[in-house]
Amino acid sequence: MSYWEIRYLEQMNRDLKYVNEITEALRSTMKLEQVLQRILENITKKLKFDRAFIFLITEIKGAQVLKGMSGVGVPPDVLVKQEFLLDESLGLIPRTAVEKQAYIVKDAKNDYRCEQSLVELFDLKEFATLPLMARGRVVGVLSVVNDKRRSEIDDDDLAMLEVFANQAAIAIENARLYEKMEKLSITDGLTGLYNHRYFQEQLKSEFGKAVLALLQAGEVQA
């Protein structure tokens, strides 16, 4: 076995180790915001991509759209305003979701598949997009950006990212289901209004805050 083959296997082993570590980290929380942040932090810190962002499929005014949710290295206030209908003709982000296919872009400004306003907003040059698939269903799109890495994004990177994306998608779907169940537990199924349990929990919480505030002000003795 040659020196370069050994180096390649060592790198692949490190990448798989990182993916396993990330998977374990994702299992430690069921809060969607925290799940998304951990996905992005691990992509940029451990997998060494310069930037990354996530779009999730959500319903807005009765239509299924891909909405910008969370990112590292991109303006958050700009990202959350980005929405795409699930139409592959609208750019690479929706194309990735519709076709359930990962893509590598080498020159974003001259790639006809890319939505140029997004390219300009995020100053994209070389990047990759991957579908986030949980239980055979697309839940969103992950994009990783290469600004300063020594090597270009290649098929080996994509293969490793696809393994990671599958685990990340399951964590996202689980977090969304958990938050949905939490919401159902405190609202009436017919009216959507908060139920008695919610008000009792809020009353206890607010009472506790009031007592703590009084203790800190010295008006009540412990």
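Please read these numbers as outputs of a predicted model, since none were measured by experiment.

Q: Is there a simple way to think about the nonpolar core in this case?
A: Inside soluble globular proteins, nonpolar side chains tend to come together where they are buried. In terms of nonpolar packing, the biggest core is built from 31 residues, with I43, L132 and V144 touching the most fellow members. At the level of elements, α2 (32-45), β1 (51-60), β5 (126-134), β6 (137-146) and α6 (155-186) are the ones that each hand at least two residues to this core. Top contributing element to this core by residue count: α6, with 10 residues. When sequence neighbours within four positions are dropped, the list of residues in contact with I43 reads K48, F49, A52, L142, V144 and F164.

Q: What's the story with the packing of aromatic side chains in this structure? I'm lost.
A: Here the distance between the centres and the angle between the planes together describe a pair of aromatic rings. Here the structure, examined in full by the defined rule, presents three aromatic pairs. Aromatic pair F53 and F55: ring centres 6.1 Å apart, planes at 70°, arrangement edge-to-face. In this pair, the class of F53 matches that of F55, namely buried. When the ring of F55 is compared with that of F84, the centres are 5.7 Å apart and the planes differ by 50°; the resulting orientation is tilted. Note that F55 is positioned in strand β1 and F84 in strand β3 (residues 83-85), a separation of 29 residues in sequence. Grouping residues by exposure puts F55 and F84 together as buried. Here the aromatic cluster, defined as three or more aromatic residues joined through ring pairs, consists of F53, F55, F84 and F122.

Conventions adopted
- Residues numbered from 1 in each chain as written.
- Predicted model: local features only at pLDDT ≥ 70, side-chain atom pairs only at ≥ 80, totals over all residues.
- Heavy atoms only, no water.
- Core = buried A, V, L, I, M, F, W, Y, C linked by side-chain atoms within 4.5 Å.
- Buried < 20%, exposed > 50% of the residue type's maximum accessible area, 1.4 Å probe, protein only.
- Helix = DSSP H or I, 4+ residues; strand = E, 2+ residues; numbered from the N terminus.
- Contact = heavy atoms within 4.5 Å.
- Phe/Tyr/Trp six-rings, centres within 6.5 Å; stacked < 30°, edge-to-face > 60°.

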